[in-house]
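Remarks on the overall topology
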Amino acid sequence: MVFVLSSDNQPLDGCHAARARKLLSAGRAVVWKRYPFTIILKNRTAAESVTHEHRLKIDPGSKTTGLAIVQEGTDRVVWAGELTHRGQAIRDALLARRAIRRGRRQRHTRYRKPRFLNRRRREGWLAPSLAHRVQTTLTWVGRLRKACPIAAVSVELVRFDTQRMQNAEISGVEYQQGTLKGYEIREYLLAKWNRKCAYCQKGDLPLQVEHLIPKVRGGSNRVSNLTLACGDCNQKKGDQTASEFGYPHLMEQAKAPLKDVAGVMTTRWALWRALSATSLPLETGTGGRTKWNRTRLGLQKSHWADAACVGQSTPDDLDAAVGSVLLIASKGHGSRQMCGTDKHGFPMRHKRRQKRYFGFRTGDLVKAVIPGGKYAGTHVGRVTVRSRPMFKMGGFDVHPKYLKLVQRADGYAYGERKV
Ligand SMILES: [Zn+2]
């Protein structure tokens, strides 16, 4: 699907790529933006058009956030995207800067007053690498709202329904595989047992819900009788109880309900607060429900598919044939560093006043048509400019005379994945 704007710059329902091609070649529309691909109609205003309501669905992740737009009424996923964050890059940059600063303080150069106890962190402060996640997600909520008539937002807020699970521990809700409650309990157990096998403490492998007192020995399906085990430990344990298997302390641990898990999800809560501040109605979902929806609808695991399955509003007949997913990678907007240093912190170069050379700046998306040589052919991608006319693009150098601008630098790199 292609985003469509009316001639007075209001978002309309998207159209199929083939239809967009026809409109463009007939001269009835022009390209407004390449990423996400948006066209603007020349002679149709928003008042003359009928639009559906759309729901933007978000699955916030630590490295990648899934985005999906579902058209309400037709229950189709009309657009899908995956936003890759650069939290690690921000962290690395701050650590490098700190190392240089510390080194400078140690050196006996000019007197530098120590800065001590003169900082205050406001309420709700997030580390820069985490704040960036919230900010880039909001950037894309804003961009998508400009391109598509979005009337509501769904976001995955917590892994499981905390309150209901705490009640489950007390009131003895039973685990049943495959049900919504079963998925919520699984997510709850993952948090309670730290995503590790309770016996061998191995993580990063498929875990099975396991009964401390086996069912054949009269063990119940209650949450307080459940733990997580890897396949090997589950096999080895067989029909022994956890105490007989040599882990009596697990019985105690299983009885204690999990307390305060909401605290670790600060970034998601920050995103939730920011989204609540927009005028859009906001729905929240749990990770358990997302997984249950995705399994029920038979979708492969991916960030965008998880996003499409967030929340109670997910239709039973969701049509998730999107064709392709836009891959959006945060790249930042360059550095503010005035003096580049080598790895020991010694100055090597100074930043130039000029950012644009030969009409291009670093981060611009360009199309290079190179007539001959080793890299002959057409390439599209981000360019890194230099003061001399030999720019870098991917793994090779290119002269600006071969370049054509596709889209100005906006802090992101783009790709596409067919699904
Ligand atoms: Zn194990």
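Above this text is the structure in question.
Residues numbered from 1 in each chain as written. Predicted model: local features only at pLDDT ≥ 70, side-chain atom pairs only at ≥ 80, totals over all residues. Heavy atoms only, no water.

With respect to the overall build of the chain
A tally of helices and strands in the chain yields 10 helices and 20 strands. Seen through its principal axes, the chain has C-alpha atoms that stretch 80 × 70 × 45 Å. Every one of the 419 residues in the chain was classed for burial, and the buried ones make up 42%. Long-range pairs, those at least 24 residues apart, make up 63% of the contacts in the chain between residues at least 6 apart in sequence. Working note: accessible area of the chain is about 24100 Å², and carbon and sulfur atoms make up 50% of it. Averaged over its 76 positive side-chain charges, the chain has a centre that lies 15 Å from the centre of its 33 negative ones. (Helix = DSSP H or I, 4+ residues; strand = E, 2+ residues; numbered from the N terminus. Buried < 20%, exposed > 50% of the residue type's maximum accessible area, 1.4 Å probe, protein only. Contact = heavy atoms within 4.5 Å. Areas by Shrake-Rupley, 256 points an atom, 1.4 Å probe, with all protein chains shown as cover. Lys, Arg positive; Asp, Glu negative; His and termini not counted. Charge placed at Lys NZ, Arg CZ, Asp CG, Glu CD.)

Side note on helix H8 (residues 266-276)
Taken together, the buried positions of H8 are Thr267, Arg268, Ala270, Leu271 and Leu275. An end-on view of H8 places all buried positions within 160° of arc, on one side of the element. (Arc of directions from axis to C-beta.)

Re the sheet that holds strand E19 (residues 403-407)
The pairing of strands in a sheet comes from backbone hydrogen bonds and takes either a parallel or an antiparallel form. If you walk across this open sheet you meet the five strands as E18-E17-E16-E15-E19, and the pairing is antiparallel. Two strands lie at the open edges of the sheet, namely strand E18 (396-398) and E19, each paired on one side alone. Mean inter-strand twist for the sheet, computed between neighbouring axes without regard to direction, equals 45°. (Pairing = 2+ DSSP bridges. Axes fitted to C-alpha atoms, helices over the stretch in contact; angles between N-to-C directions.)

Structural notes on the packing of helix H2 (residues 87-106) against helix H3 (residues 128-147)
The contact between H2 and H3 brings their axes to 8 Å, and the two run at 145°. Of the two possible hands of crossing, H2 and H3 adopt the one that is right-handed. Residue-level contacts link Gly87, Ile90 and Leu94 of H2 to Pro128, Ser129 and His132 of H3. Its residues placed into classes, the contact of H2 with H3 shows three nonpolar, three polar and no charged. (Left-handed = near helix turned anticlockwise from the far one by under 90°. Nonpolar A, V, L, I, M, F, W, Y, C, P; charged D, E, K, R; others polar.)

As for a positive patch on the surface
On the surface, a cluster of positive charge is contributed by Arg91, Arg98, Arg102, Arg104, Arg105, Arg107, Arg110, Arg115 and Arg119. Counting through the fold element by element, Arg98 comes out in helix H2. For Arg98, a relative accessible area of 37% gives the class partly exposed. (Patch = residues over 30% accessible without salt bridge, like charges linked within 9 Å, V, L, I, M, F, W, Y side chains within 5 Å. Salt bridge = Lys/Arg side-chain N within 4 Å of Asp/Glu carboxyl O.)

Topic: the environment of Thr38
Within the secondary structure, Thr38 sits in strand E4 (residues 38-41). Note on Thr38: relative accessible area 2%, which makes it buried. Along the chain, Thr38 and Gly14 lie 24 residues apart, while their C-alpha atoms are 8.8 Å from each other. Those residues in contact with Thr38 that lie beyond four places of it in its chain are Phe3, Leu5, Val30, Val31, Trp32, Lys33 and Ala147. A polar contact of 2.7 Å, which involves the side chain of Thr38, links it to the backbone oxygen of Pro36. (Polar contact = N/O pair within 3.5 Å; in protein donor to acceptor, adjacent residues only side chain to side chain.)

By themselves, these observations are geometric and do not establish any function.
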